[in-house]
Amino acid sequence: MGRSQFDPGAKGRLPWNAGRQIGAKRALKPQQVWAIRFWLDHQQRVRDRALFDLAIDSKLRGCDLVRMKIGDIVRGGEIRSRALVVQKKTGRPVQFELLETARKSLQAWLERRGGSLTDYVFPSRVDHAKPISTRQYARLVEEWVIGIGLRREDYGTHSLRRTKAALIYKQTGNLRAVQILLSHTKIETTVRYLGVDVEDALQLAETTEI
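This write-up is about the structure you can find in this document. Here the structure is a predicted model, which means the values were calculated and not measured.

1. Here we look at the nonpolar core
- Ranked by size, the top nonpolar core spans 39 residues in total, and within it Tyr137 and Trp144 carry the most contacts.
- When residues of this core are traced back to their parent elements, those giving at least two are helix H1 (30–42), helix H2 (46–58), helix H4 (70–73), strand E3 (82–86), strand E4 (93–97), helix H5 (100–113) and helix H6 (134–147).
- Ranked by size, the runner-up nonpolar core spans six residues in total, among them Ala165, Tyr169, Leu175 and Val178.

2. Side note on helix H8 (residues 175–182)
- All of the buried residues in H8 are Leu175, Val178, Gln179 and Leu182. In a view along the axis of H8, the buried residues occupy a sector of 105 degrees, so they form one face of it. Away from its buried face, by an angle of more than 90 degrees, H8 presents the exposed residues Arg176 and Ile180.
- The distance from a side-chain oxygen at the start of H8 to the backbone nitrogen of arginine 176 is 3.2 Å, and the residue carrying that oxygen is asparagine 174.
- Serine 183 lies just past H8 and shows a positive phi near 60 degrees.

3. Observations concerning helix H7 (residues 157–172)
- Between its terminal C-alpha atoms H7 stretches 24 Å, which fits the 22 Å expected from 16 residues at 1.5 Å a residue.
- At threonine 163, H7 is deflected by roughly 35 degrees, the largest bend along its length.
- Looking one or two places after H7, you find glycine 173, whose phi comes out positive at around 70 degrees.

4. Thoughts on the packing of aromatic side chains
- Going through the model one piece at a time under the given rule, you end up with two aromatic pairs.
- On the numbers, 6.3 Å between centres and 15 degrees between planes, the contact of tryptophan 109 with phenylalanine 122 is stacked. Taken as a pair, tryptophan 109 in helix H5 and phenylalanine 122 in the loop between H5 and H6 lie far apart in primary sequence, 13 residues in all. Neither tryptophan 109 nor phenylalanine 122 differs from the other in exposure class; each is buried.
- Seen from the ring of tryptophan 34, arginine 37 lies directly overhead, with NZ or CZ sitting 4.4 Å from the centre.
- Between lysine 69 and the ring centre of tyrosine 120, over which it is positioned, the NZ or CZ distance is 5.2 Å.

5. Quick word on the pairing of E4
- Where E3 lies against E4, five bridges are found, and the strand directions are antiparallel. Paired with arginine 82 across the bridge in E4 is glutamate 97.
- What sits between E3 and E4 in their antiparallel hairpin is a turn of six residues, with glycine 91 showing a positive phi close to 75 degrees.

6. Focus on the environment of valine 33
- Note that valine 33 resides in helix H1.
- Residue classification places valine 33 among the buried positions, given a relative accessible area of 6%.
- For valine 33 and phenylalanine 52, which are 19 residues apart along the polypeptide, the C-alpha to C-alpha distance reads 9.1 Å.
- Every residue in contact with valine 33, bar those within four places of it in the chain, is listed here: Leu28, Phe52, Ile56 and Thr163.

7. Here we look at the side chain of arginine 161
- If you trace the backbone, arginine 161 turns up in helix H7.
- Of the buried charged residues, arginine 161 lacks a salt bridge, with aspartate 64 as the closest side chain of opposite charge at 6.6 Å.
- For arginine 161, the side chain forms a polar contact with the main-chain oxygen of lysine 59, separated by 2.5 Å.

8. Section: unusual backbone geometry
- With phi around 55 degrees, glutamine 44 is a residue other than glycine that occupies positive phi space.
- Position of glutamine 44 relative to the elements: it lies in the loop between H1 and H2.

9. A look at the environment of phenylalanine 52
- Tracing the backbone through its elements, the reader meets phenylalanine 52 in helix H2.
- Accessibility expressed as a relative area gives 0% for phenylalanine 52, which makes it buried.
- Taking the C-alpha atoms as reference points, phenylalanine 52 and alanine 102, separated by 50 residues in sequence, lie 8.6 Å from one another.
- Residue contacts for phenylalanine 52: discarding those within four places in its chain leaves Leu28, Val33, Ile36, Arg37, Leu40, Trp144 and Leu160.

The rules behind each value
- Residues numbered from 1 in each chain as written.
- Predicted model: local features only at pLDDT ≥ 70, side-chain atom pairs only at ≥ 80, totals over all residues.
- Heavy atoms only, no water.
- Core = buried A, V, L, I, M, F, W, Y, C linked by side-chain atoms within 4.5 Å.
- Buried < 20%, exposed > 50% of the residue type's maximum accessible area, 1.4 Å probe, protein only.
- Helix = DSSP H or I, 4+ residues; strand = E, 2+ residues; numbered from the N terminus.
- Arc of directions from axis to C-beta.
- Polar contact = N/O pair within 3.5 Å; in protein donor to acceptor, adjacent residues only side chain to side chain.
- Expected span 1.5 Å × (residues − 1).
- Bend = angle between axes of the 7 residues up to and from the residue.
- Phe/Tyr/Trp six-rings, centres within 6.5 Å; stacked < 30°, edge-to-face > 60°.
- Lys NZ or Arg CZ within 6 Å of the ring centre and 35° of its normal.
- Pairing = 2+ DSSP bridges.
- Contact = heavy atoms within 4.5 Å.
- Lys, Arg positive; Asp, Glu negative; His and termini not counted.
- Salt bridge = Lys/Arg side-chain N within 4 Å of Asp/Glu carboxyl O.

Okay, structure coming up:
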């Protein structure tokens, strides 16, 4: 409800968003993606490298990413090149690709992790019957971006969801394709999510001749 400016209790009280960045978190640039991969490899964080690569390729929300089970990405003892999960937020299935980089890091992690097809890919260290929490995932993302010298205020779990989608849009200008990959029901949502503005539209128009 807020406080009146005449309320004595409001004096000296900082706004809830003081010092925080409000709005969409930045997508990672390709060189930043590889910098995080290099940093994780150097730190020998096999699990985190697999989690990072899966987040980039899957473009999933954190709640769906942490709930993935081994059977979602493994078939016949090998990492799938394409996988499908049902989203918790919408209840709709979404398909995504797993490129060689992600398949290799996931294979390395699962060989160390072990487990059955019904187990979570990234189990909680407290209770292996449960996945890591979305809060833990957010803390890990914060560690990764700080590890390569980025401001933690500028990035979050949605940065990883947006990264590949933003790159695809930049390279192709195909909003419909990005909409499908992110499983948005409305194109307007995709536009807002990518931060598409007039300048983007003009740059695309300037590179198209008829």
